[in-house]
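Structure at a glance
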Amino acid sequence: MPFKADTEIDLTAHNIGKYIISSQHRRKGNPNKSIWTITFNEEVNCFIQALTGDWKRGTEAWGVKVIDNIIQVVGQTNDSKELKLAKFVDGTNTNVWHGYPADYMSKAQDRPATNILKLWVNNGYLTKAKMSKIRLGQSCSL
């Protein structure tokens, strides 16, 4: 299905509400925000995986794009640093979500909750050492 930015996507078939692809996190969006470098479909799939994998705490969820158990780049900072984690928020608690590439090193609020990092360790996406570095906002090769 072709997706469009700034339009609600109904994902109730997946039992997870709605998602909006924010144009602010795309090229030519807000120059102060991180931007996705993956396709609209990949962004939506990352969100679906985050919620169906229960990588969620309250109105926040985190996602990764994984190929052969290797975490892939999903976006970049406004100064072109690669980002491999995604954060999704239901900002108004109405089950309408949006997301962005998360900068866990620069922004404490972008660090996934410990229980989510542990799930990623159990899935083989992270080592315990990398989990610890992410929790502390330290650089690590994901």
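The structure this text deals with has already been given above.
Read on for an overview of the structure. (Residues numbered from 1 in each chain as written. Predicted model: local features only at pLDDT ≥ 70, side-chain atom pairs only at ≥ 80, totals over all residues. Heavy atoms only, no water.)

**Brief notes about the overall build of the chain**
Put simply, the test is: Strands here are runs of E lasting at least two residues and helices are runs of H or I lasting at least four, both read from the DSSP assignment and numbered beginning at the N terminus. In this setup the radius of gyration rests on C-alpha atoms only. A globule is expected at 2.2 Å times the number of residues raised to 0.38. The buried label applies to any residue whose accessible area, calculated with a 1.4 Å probe on protein chains only, is under 20% of its type's maximum; exposed applies above 50%, and partly exposed to all values in between. Note on definitions: a residue-residue contact is assigned when non-hydrogen atoms from the two residues lie within 4.5 Å. All accessibility values rest on the Shrake-Rupley procedure with a 1.4 Å probe; residue burial counts only the protein chains present in the view. His residues and chain termini do not enter the charge count, which takes Lys and Arg as positive and Asp and Glu as negative. To locate a charge, take NZ of a lysine, CZ of an arginine, CG of an aspartate or CD of a glutamate.
From N to C terminus, the chain includes three helices and eleven strands. The secondary structure elements of the chain, listed N-terminal to C-terminal, are β-β-β-α-β-β-β-β-β-β-β-β-α-α. For 142 residues, the compact-globule formula gives about 14 Å, and the C-alpha radius of gyration of the chain, at 14 Å, lands near that figure. Each of the three principal axes of the chain carries a C-alpha extent, and together these read 40 × 35 × 30 Å. Expressed as a percentage of its 142 residues, the buried residues of the chain come to 42%. Pairs at least 24 apart in sequence give 51% of the contacts found in the chain among residues at least 6 apart. Working note: accessible area of the chain is about 7,600 Å², and carbon and sulfur atoms make up 46% of it. Side chains of the chain carry 19 positive and 13 negative charges; the gap between the two charge centres is 6 Å.

**Structural notes on the sheet that holds strand E4 (residues 56-57)**
Quick note on the threshold: Two strands make a pair as long as DSSP finds a minimum of two bridges between them. A fitted line through C-alpha atoms represents every axis, and for helices the fit uses only the stretch in contact; the resulting angles, taken between N-to-C directions, go from 0 to 180 degrees.
What the six strands build is an open sheet, ordered E1-E2-E11-E10-E5-E4; its pairing is mixed. At either end of the open sheet lies a strand with only one pairing partner, and these are strand E1 (8-10) and E4. Running at roughly 25° to strand E5 (residues 60-63), helix H2 (residues 114-122) makes contact with E4, E5 and strand E10 (85-89) of the sheet.

**Brief notes about the sheet that holds strand E8 (residues 75-76)**
Taken together, three strands build an open sheet; the order of strands is E3-E8-E9 and the sheet is antiparallel. Single-partner strands in this sheet number two, and they are strand E3 (35-36) and strand E9 (82-83). Sheet analysis places E8 next to E9, joined by two bridges and oriented antiparallel. Each residue of the ladder has a partner; that of Gly75, found in E9, is Leu83.

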